Amino acid sequence: MVFQAILFFLAATGAIVGAVAVVMLKNPFFAVLALVCHLFALAVLFLLLYAQFLAAAQLIVYAGAVMVLYVFVVSYVGGADEPLGDDDGIARKIAPIVAGSLFLVLAIAV
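Residues numbered from 1 in each chain as written. Predicted model: local features only at pLDDT ≥ 70, side-chain atom pairs only at ≥ 80, totals over all residues. Heavy atoms only, no water.

Chemist: What's the story with the nonpolar core in this structure? I'm lost.
Modeler: The nonpolar side chains of a soluble globular protein tend to be buried, and buried together. The biggest cluster of nonpolar side chains holds six residues, and these are Val32, Val36, Leu39, Ala63, Met67 and Val74. Secondary-structure elements contributing two or more residues to this core are helix 2 (28-48) and helix 3 (52-77). In this view, Met67 contacts Val32, Leu35, Val36, Leu39 and Tyr62; residues no more than four positions away in its chain are not counted. (Core = buried A, V, L, I, M, F, W, Y, C linked by side-chain atoms within 4.5 Å. Buried < 20%, exposed > 50% of the residue type's maximum accessible area, 1.4 Å probe, protein only. Helix = DSSP H or I, 4+ residues; strand = E, 2+ residues; numbered from the N terminus. Contact = heavy atoms within 4.5 Å.)

Listed below in structure tokens is the structure:
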């Protein structure tokens, strides 16, 4: 029982860290690798729920086939030397307004 709780917290932490790394990493290749780590952590969480088929499908379909496709696309397209983002910074100026509006709408909905 204690082993399952420890494994749950490790897998949940791995899933959250992997998801945040996908969004925060600027290099697309490392972002794809972080997504693979996230998918492995989700497979462990499925195993803890006794959903062996979902865990196997998660690993074979998503972490296996789809991530290989993503890695090939990122390797083919390249662009790791170019920084992500726009030059004029309009997205940086409008992002707080959009985030605040989304928060307001969600707060009203709740």
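What follows picks up the thread again.
Chemist: Mind showing me how you'd approach the packing of aromatic side chains here?
Modeler: How two aromatic rings sit relative to each other is set out by the distance from centre to centre and by the angle between their planes. The full count for this structure, using the stated rule, is two aromatic pairs. Here Phe8 and Phe9 contribute two aromatic rings whose centre-to-centre distance is 5.4 Å and whose plane-to-plane angle is 70°, an arrangement assigned as edge-to-face. You can call Phe8 partly exposed: its relative accessible area is 39%. Since its relative accessible area comes to 56%, Phe9 is described here as exposed. Between Phe29 and Phe30, the ring centres sit 6.1 Å apart and the planes meet at 65°, which makes this aromatic pair edge-to-face. Judged by relative accessible area, which is 30%, Phe29 ranks as partly exposed. For Phe30, a relative accessible area of 44% puts it in the partly exposed group. (Phe/Tyr/Trp six-rings, centres within 6.5 Å; stacked < 30°, edge-to-face > 60°.)

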